[in-house]
There are 2 protein chains.
Amino acid sequence: MVVTIRDVAEAAGVSVATVSRIASGSDYPVGARTRERVEAVISALDYRPNQSATDLSRRDTHLVGVLAPDMANQYYAEVTRGIEDAAQTAGYQVLFSSTDRRKGRAESALEALLRRRVAALVILGGGDEVSLTRKQVTAYGTEVVLVGRPSDEFPTIQTDGESAGQEMASHFVGLGHERIAFIAGSRGSTATRLRLAGVRKTLRGAGLANPATARGGYTEEGGYRAARELLEQAAPGERPTAIIAANDRMAIGAMAAANDLGLRVPDDVALAGFDDTPISAYVRPALTTFSLHSAQLGAEAMQQILDREEGDTAIRHRTVEGEIVVRASCGARPA
Amino acid sequence: MVVTIRDVAEAAGVSVATVSRIASGSDYPVGARTRERVEAVISALDYRPNQSATDLSRRDTHLVGVLAPDMANQYYAEVTRGIEDAAQTAGYQVLFSSTDRRKGRAESALEALLRRRVAALVILGGGDEVSLTRKQVTAYGTEVVLVGRPSDEFPTIQTDGESAGQEMASHFVGLGHERIAFIAGSRGSTATRLRLAGVRKTLRGAGLANPATARGGYTEEGGYRAARELLEQAAPGERPTAIIAANDRMAIGAMAAANDLGLRVPDDVALAGFDDTPISAYVRPALTTFSLHSAQLGAEAMQQILDREEGDTAIRHRTVEGEIVVRASCGARPA
DNA sequence: TTGTAAGCGTTATCAG
DNA sequence: CTGATAACGCTTACAA
């Protein structure tokens, strides 16, 4: 049924070793005539090595497992894209699992990934649904890279969430805002925690009150609700004049909320998000945001893995620079 | 180093066969005492079966390959999510590759997937970068499901693109529009082709001119440019009063373009998209769109695969219903 | 340059 | 109920 290396060997009148050396692209010397003949047979029979067998024999899968919280979130989609892109060009394949932010899913997905003996594991997001210890993976030689979450057990790729928060807050403070609110993502999220910490720090430094906060679960809908809460519940004259949301999706939800409340953005409420999702440049007013170079984060993660496979064993913590992208929603430019 | 079935067998003083029967969750009878002892050893040693070996021996990988054009597109992200979700609960893992709409990438990704002997292959999108014949996969028993593209060789899951187009166009015609333009996605895309055909059909039926069209490559930026082209180049009095974009991302770009041209949506130009991306409900005016139930498409695809593994061999073409979601951007409701 | 054969880690058949 | 052992399809010493 399925063509195996043995079929090719027989058809070409050579040994399986020879076929293997040719089919696997090894640089082991093979006679020109033989090679030609074998190659002809390979393509005639449409032979394709069975990767499970190859992996088993080489005891190395060229598989990188990606564990992401939620593909509906464009940020993770982008990072995954970066990983997949780099992986593909490096000859790796991506085994993708989503945790859906649920502990059970995270555990079973991780287990499955480990059984596959993924050569590397990239864990996305700062959620607390996935926990992994060095011990669990060290036996398999699995390289682990954490994206967007600190760790001293594993190498990480991150953006400096705290300074991002500070930068964003400073921007608003510089614009004269004194009542700045914050829309958090989900409980236990590293990104939210760091960004909020940065915002707080800056406000404190500027002698301003702590930001009012509401939680929006990283979705447009959550951002919408959080913004309404922030905007409507405030005592008269206490309404925030600026809202920083922990991601763009929530910021866009907040923009809709402001709109629905008859508030103009940025005049009545200034807004900003994080991630620089493609859409943020195209909402109106265009959203001021903090660019994370998300695809690049993924690419860096993959690069980190490649470096380590090369034998660089140090636990590196790379932080890729992000930058504030000023657009109209913050009021720094004419809407 | 790595714990194998043999290590467990030795430590437990049983044969590998026994360990296998226990570790693989087979229902082969095993003595209670033995089972207990072996299970203890398994967890003490943190034994995890090597999936490559299992696959090789069982000659069945529980792997489903997903080939998508572009993860930056939320629609594909959603469908993938649907697939992954269903896959995970059915005990399958998702091997994810992106074609980036490039022929070369599609081919090598496909090759890699075939080498992995994926049990199933889900091909997303109607792009022409990936071509696959029954012959290539039949030997491996790979189940193939096409999502969003017609075929008589493989089962498909689709939405009826043409009636979606018709429905959308009728909606605008019913609203009194006579100059309706269309923003296409990429060349060779099935979704674009069908939707445009539907739009044309309806316009023709209503005695209206063919829609002016421009291409936007399915991105916000492309949609923005296409809309400017459509809106600015039209002779005075010829400007389209409605634009239908082949997806939401382009529609949102178009909305920005209208805005930047000082045109009000929907009063000066009415707008609509396709996909019902989460964000479309949160732009203002909220975007009228055609909901494809994208995650459900993915779930259906996975279901189709499961059915076929069960022995249902008919080539089924399931079409999942979509529906127009009327929001403010089309002018049918107050903005 | 080519071939032989011993793994790689499981599963499953066949005997006990 | 338990255990040997022959696959599964490939790679890689080691020999020739």
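Residues numbered from 1 in each chain as written. Chains lettered and ligands numbered in written order. Predicted model: local features only at pLDDT ≥ 70, side-chain atom pairs only at ≥ 80, totals over all residues. Heavy atoms only, no water.

In the annotation of an unreviewed UniProt entry, the entry for chain A reads LacI family DNA-binding transcriptional regulator, and the organism field reads Georgenia halophila.

S.K.: Before we go on, may I ask you to explain the packing of aromatic side chains in this structure?
M.R.: A ring pair, where both rings are aromatic, is described by two values, the distance of the centres and the angle of the planes. Residues and elements named next belong to chain A. Under the defined criterion, the tally for this structure stands at seven aromatic pairs over all chains. Relative to Tyr 76, the ring of Tyr 75 lies with its centre 5.0 Å away and its plane at 65 degrees, an arrangement referred to as edge-to-face. Taking NZ or CZ as reference, Arg 21 lies 4.2 Å from the ring centre of Tyr 28, over its face. (Phe/Tyr/Trp six-rings, centres within 6.5 Å; stacked < 30°, edge-to-face > 60°. Lys NZ or Arg CZ within 6 Å of the ring centre and 35° of its normal.)

S.K.: Would you mind showing me how to read the sheet that holds strand E6 (residues 180-184) of chain B here?
M.R.: Residue and element names in this part refer to chain B. The parallel open sheet is built from four strands, whose spatial order is E7-E6-E8-E9. Either end of the sheet is taken by a strand with one partner, and the two such strands are strand E7 (213-215) and strand E9 (270-272). This sheet shows a mean twist of 20 degrees between the axes of neighbouring strands, independent of strand direction. With respect to the sheet, helix H11 (residues 248-260) is in contact with E6, strand E8 (242-245) and E9, its orientation differing from that of E9 by roughly 160 degrees. (Pairing = 2+ DSSP bridges. Helix = DSSP H or I, 4+ residues; strand = E, 2+ residues; numbered from the N terminus. Axes fitted to C-alpha atoms, helices over the stretch in contact; angles between N-to-C directions. Contact = heavy atoms within 4.5 Å.)

S.K.: Looking at this model, I keep getting lost on the side chain of Ser 189 of chain B. Mind explaining?
M.R.: All names here are of chain B. Note that Ser 189 resides in the loop between E6 and helix H9 (190-205). Within polar-contact distance, the side chain of Ser 189 engages the side chain of Tyr 218 at 2.5 Å. If we ignore the near neighbours within four places in the chain, the residues touching Ser 189 are Gly 126 and Tyr 218. (Polar contact = N/O pair within 3.5 Å; in protein donor to acceptor, adjacent residues only side chain to side chain.)

S.K.: Just to check I follow, could you spell out the packing of helix H4 (residues 51-58) of chain A against helix H4 (residues 51-58) of chain B for this structure?
M.R.: The axes of two packed helices give the description: the angle between them and the distance between them. Put simply, H4 of chain A and H4 of chain B touch, their axes get as near as 8 Å, and they point 135 degrees apart. Of the possible angle classes, the one that applies to H4 of chain A and H4 of chain B is oblique. In the packing of H4 of chain A onto H4 of chain B, the handedness of the crossing is left-handed. From H4 of chain A, Ser 52, Ala 53, Asp 55 and Leu 56 of chain A reach across to H4 of chain B, where they touch Ser 52, Ala 53, Asp 55 and Leu 56 of chain B. (Parallel < 35°, antiparallel > 145°, perpendicular 65-115°, else oblique. Left-handed = near helix turned anticlockwise from the far one by under 90°.)

S.K.: Help me understand the protein's contact with DNA strand C, please; the structure alone is not making it clear to me.
M.R.: Around DNA strand C, a shell composed of 29 residues is seen, among which Gly 31 and Thr 34 of chain A together with Ile 5, Ser 20 and Ser 57 of chain B lie nearest. Taking all atoms of DNA strand C within 4 Å of the protein, the share assigned to sugar and phosphate is 63%. A distance of 2.9 Å is found between a phosphate oxygen of DNA strand C and a side-chain nitrogen or oxygen belonging to Thr 18 of chain A. For DNA strand C, a sugar or linking oxygen lies 2.4 Å from a polar atom in the side chain of Ser 57 of chain B. Where the surface near DNA strand C is concerned, the elements lending two or more residues are helix H2 (16-23) and H4 of chain A together with helix H2 (16-23) and H4 of chain B. Looking at which element gives the most residues to the surface near DNA strand C, the answer is H4 of chain B, with four residues. When grouped by side-chain class, the residues that make up the surface near DNA strand C number 12 nonpolar, 12 polar and five charged. (Near = heavy atom within 4 Å. Nonpolar A, V, L, I, M, F, W, Y, C, P; charged D, E, K, R; others polar.)

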